[in-house]
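# Survey of secondary and tertiary structure
The primary structure of each chain is shown beneath.
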Amino acid sequence: MSNQPLSKDKVLQLLAEQNTEKVKLAVTDIDGILRGKMISYEKFVSIVEKGFGFCNVVFGWDAGDVAYDNSQYTGWHSGYPDATAAIDLNTFRQIPWDNDTPFFLADFKDSKGNDLAICPRSLLKKIIKQAGDKGYTPYFSQEFEWFNLIDNTEELYAGKFRDTKPMTQGMFGYSLQRAAEKNDYFNDLFTLLKKFGVPIEGLHTETGPGVYEAAITYSEILEAADRAVLFKSGTKQIAHNHGVIATFMAKFNENLPGCSGHVHQSLWSAVKKQNLFYDKNKATGISSLMESYMAGQLACLPYILPMFAPTVNSYKRLVEGAWAPTTLTWAIDNRTTALRALPSSSSSTRLETRVVGSDSNPYLAMAACLAAGLYGINNKLKLKTSATVGNGYADKRNGTLPKNLWDATQAMKTSPIAKELFGAAFVEHFTATREWEWRQFSKVVTDWELKRYLEII
């Protein structure tokens, strides 16, 4: 989070001055879940340069810690050895709700010391380098909607997660009343996350019982992704301290709106002085570069969708009339399209990719946005259709998005575009994990099936 690169000596000096006894380290798995440990200060000193061993099972199991049977990277066949995780000193933070314990993120390396191809944070860094080589500095931010439930964890597990109780009742979007009813929690989110190096630009209630929305302050893309990952984890921890369960499921309830994780983005010059998405000489304010960037995203979207919508549940959100896009569309300031262009000034012109769900892995979502945009620029793509006017759900000129995780995964798995953007090794591993996710879902007998068929059939 530092504006200036932190050296090992500077970090150790800071920690020594604080009489640090322990440090928290974390890595991010394929689902965007932080996996970490606490170590002693003495251990940290010994590994700060060379890295540390972290069991590579974090890329060999799913969100429920069940081991994949289709992973080539690791498995029973490899014995789940340690992989090397390299600490990124520039991610240094202190956790204000945990006695200011020092905290660092780490990336995975392969056996030759190179960035691990299937590591989400490393993948994003690879795409960032491609942008930098072209003279672009990407600025990004992510916003999240999420439901807040009364923490009755024991009852939830006993009742198989059927008895959920929202923190507040009713459809109260932008409600100061509902925010005030949980004033301590609401204010702690804003204040503690800022102290944690995750500044929030705006926080409000959304429509739906117990729903909040937060927009994270924009920054350069790697920092933006770090902030987004830490926002989700930090929110869950702060929520727990207030007797709340924060869920970032894309579709918590079939009768309520889904939860988005919209990604805002712009490309700036290498010296960070000029917003390359803005063109004052165009009536729209949208530069030719931004048009190609949008054309790239629209061209790639059908083949990279699992990076925006990674779970079975994701596709319950991507339905018509539910504030989430279903068509390959773009428009200026239109919330029914996949891409919402926001041209206004040289400082704020940006693109909002609205396909992304709150259940996304921010590293993968941002990597996909940037890689697809660069694809459009590199190939000088033009927008195939004019901006959507009115209802984006009805505009099927460019086609529609895949309807479920299996179809989306097969499109990505067989796509030359996906392999070109992210590398064959990543695509092979990632799509295998999504196929696994679909298989786990497909074998379960749901409540819907029992209610519909048990007696009548």
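Okay, so let's go over this structure. (Residues numbered from 1 in each chain as written. Predicted model: local features only at pLDDT ≥ 70, side-chain atom pairs only at ≥ 80, totals over all residues. Heavy atoms only, no water.)

### Overview of the nonpolar core
Counting residues in hydrophobic clusters, the biggest one holds 94 residues, and the most contacted among them are Trp146, Tyr185, Phe231, Phe308, Phe422 and Phe426. With 13 residues, helix α10 (residues 362-378) is the largest single contributor of residues to this core. Beyond its immediate sequence surroundings of up to four residues, phenylalanine 426 is in contact with Ile30, Ala117, Ile118, Leu123, Met307, Leu364 and Met412. Formed by 27 residues, the second largest nonpolar core is a distinct cluster that contains Leu12, Val58, Phe59 and Ala106. (Core = buried A, V, L, I, M, F, W, Y, C linked by side-chain atoms within 4.5 Å. Buried < 20%, exposed > 50% of the residue type's maximum accessible area, 1.4 Å probe, protein only. Helix = DSSP H or I, 4+ residues; strand = E, 2+ residues; numbered from the N terminus. Contact = heavy atoms within 4.5 Å.)

### Some remarks on the packing of aromatic side chains
Tallied over the full model, the rule gives 26 aromatic pairs. On the basis of an interplanar angle of 80 degrees and a centroid distance of 5.7 Å, the ring pair of tyrosine 68 and tryptophan 436 is categorised as edge-to-face. With a gap of 368 residues between them, tyrosine 68 in the loop between β3 (52-55) and β4 (82-95) and tryptophan 436 in helix α13 (residues 424-442) connect regions that are remote in the sequence. Side by side, tyrosine 68 and tryptophan 436 carry an identical accessibility label, which is buried. (Phe/Tyr/Trp six-rings, centres within 6.5 Å; stacked < 30°, edge-to-face > 60°.)

### Structural notes on the side chain of serine 269
With respect to the element layout, serine 269 can be found in strand β11 (residues 263-269). With a relative accessible area of 12%, serine 269 lands in the buried category. In this structure the side chain of serine 269 is engaged in a polar contact, spanning 3.2 Å, whose partner is the backbone nitrogen of lysine 273. Apart from the residues lying within four places of it in its own chain, the contact partners of serine 269 are Gly135, Thr137, Gln274 and Leu276. (Polar contact = N/O pair within 3.5 Å; in protein donor to acceptor, adjacent residues only side chain to side chain.)

### Quick word on the packing of helix α6 (residues 183-195) against helix α7 (residues 221-241)
Orientation of α6 relative to α7, taken along the N-to-C sense of each, is 140 degrees, at an axis distance of 10 Å. Judged by the angle between their axes, α6 and α7 are oblique. In this structure, the crossing between α6 and α7 has a hand that is right-handed. In contact with Tyr185, Asp188, Leu189, Leu192 and Leu193 of α6, α7 contributes Phe231, Gly234, Thr235, Ile238 and Ala239. Class assignment for the residues of the contact of α6 with α7 results in seven nonpolar, two polar and one charged. (Axes fitted to C-alpha atoms, helices over the stretch in contact; angles between N-to-C directions. Parallel < 35°, antiparallel > 145°, perpendicular 65-115°, else oblique. Left-handed = near helix turned anticlockwise from the far one by under 90°. Nonpolar A, V, L, I, M, F, W, Y, C, P; charged D, E, K, R; others polar.)

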